[in-house]
Amino acid sequence: MALLTVAARLRPVFGRAGTVGAAHEPVPLAVGGAGPRLLCLPALSALSGPQEYARLGAGLRGMRPVSALRHPGFGPGEALPADVDALVAAEAATVRAAAAEGPLVLLGRSAGGWVAHAVAERLGSEGAAPVAVVLLDTYPPGHGDRDRALSAMTSDMLRRAAEFASADLDRLTAMAGYFELFDAWEPAPLSCPTLYVRAGDPLPDTESAPRWGLPHAEVTVPGDHFTMLEEHARTTALAVHRWLADRV
């Protein structure tokens, strides 16, 4: 990861003034149903993207609309955000535009939860908070167990890349750049409710994610950090849907 971080620092970046056009339009994953739309923000690994929520969307088809974003910098030739502020400005603009069609819930798995939380903070400060935030097995940034968990997650991700796809250099350096971006970031309390969805099974050689330190509700679902959105995706989707139906 250290070499990838150095390589990421050599990539072009955009600041807050250059966010126009940096973010991507949401990708629809499920239509129909009622209630606020889920807008999913991918994790920050080299294999992350809207596709990681495909099964979640399928599990909610006809029950609740679902769409997902793609973070800037993971595509060929794309610039990385210079800092968290630039990323949040770009993503918040996309979320504001999507909210014109109706209320939204921001959802993020793993480190994608950091982005979801940071965007919700920004929107809340502007009086335009989402109706809720959902964090799927998100480790608190800066927690002492984070590096060990990150190592296990990265090893599993690289194994999956070797089996199913090739993670190119742009995506690998984007992953490293994003993790460095959030290295000193700390979440602040939100003005909207938060649901923390915990994976019931830890990855090998790791413990379950530490408790999310800010106010939240919590549910535990079957599966580990990855399989909660794979073979257990429908169970995860229904747990989120039920909580939202009861509270927002």
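Calculation notes
Residues numbered from 1 in each chain as written. Predicted model: local features only at pLDDT ≥ 70, side-chain atom pairs only at ≥ 80, totals over all residues. Heavy atoms only, no water. Helix = DSSP H or I, 4+ residues; strand = E, 2+ residues; numbered from the N terminus. Buried < 20%, exposed > 50% of the residue type's maximum accessible area, 1.4 Å probe, protein only. Lys, Arg positive; Asp, Glu negative; His and termini not counted. Salt bridge = Lys/Arg side-chain N within 4 Å of Asp/Glu carboxyl O. Contact = heavy atoms within 4.5 Å. Pairing = 2+ DSSP bridges. Axes fitted to C-alpha atoms, helices over the stretch in contact; angles between N-to-C directions.

Draft legend 1. Structural view of the environment of proline 141. When you line up the elements, proline 141 lands in the loop between strand 7 (132-136) and helix 5 (146-164). Given the relative accessible area of 14%, proline 141 is considered buried. Taking the C-alpha atoms as reference points, proline 141 and aspartate 183, 42 residues apart in sequence, are found 7.0 Å from one another.

Draft legend 2. Looking closely at the side chain of glutamate 91. With respect to the secondary-structure elements, glutamate 91 resides in helix 3 (residues 84-99). Although buried, glutamate 91 forms no salt bridge, and the nearest oppositely charged side chain, arginine 70, lies 9.8 Å from it. Once residues lying within four places of it in the same chain are set aside, the contact partners of glutamate 91 are Ala23, Leu69, His71, Pro72, Val115 and Val119.

Draft legend 3. Molecular detail of the sheet that holds strand 7. Across the sheet, 7 strands lie side by side as 2-4-3-6-7-8-9; this open sheet has mixed pairing. Looking at the sheet topology across the chains shown, the edges are occupied by strand 2 (27-30) and strand 9 (217-221). The mean angle between the axes of side-by-side strands here comes to 25°, regardless of whether they run parallel or antiparallel. Two strands pair when backbone bridges link them, and strand 3 (residues 37-41) and strand 6 (residues 104-109) are joined in this way by 5 bridges, in the parallel orientation. Considered in strand 6, the bridge of arginine 37 is made with leucine 104. On top of the sheet, helix 3 reaches strand 3 and strand 6; it is set at about 140° to strand 6, its chief contact.

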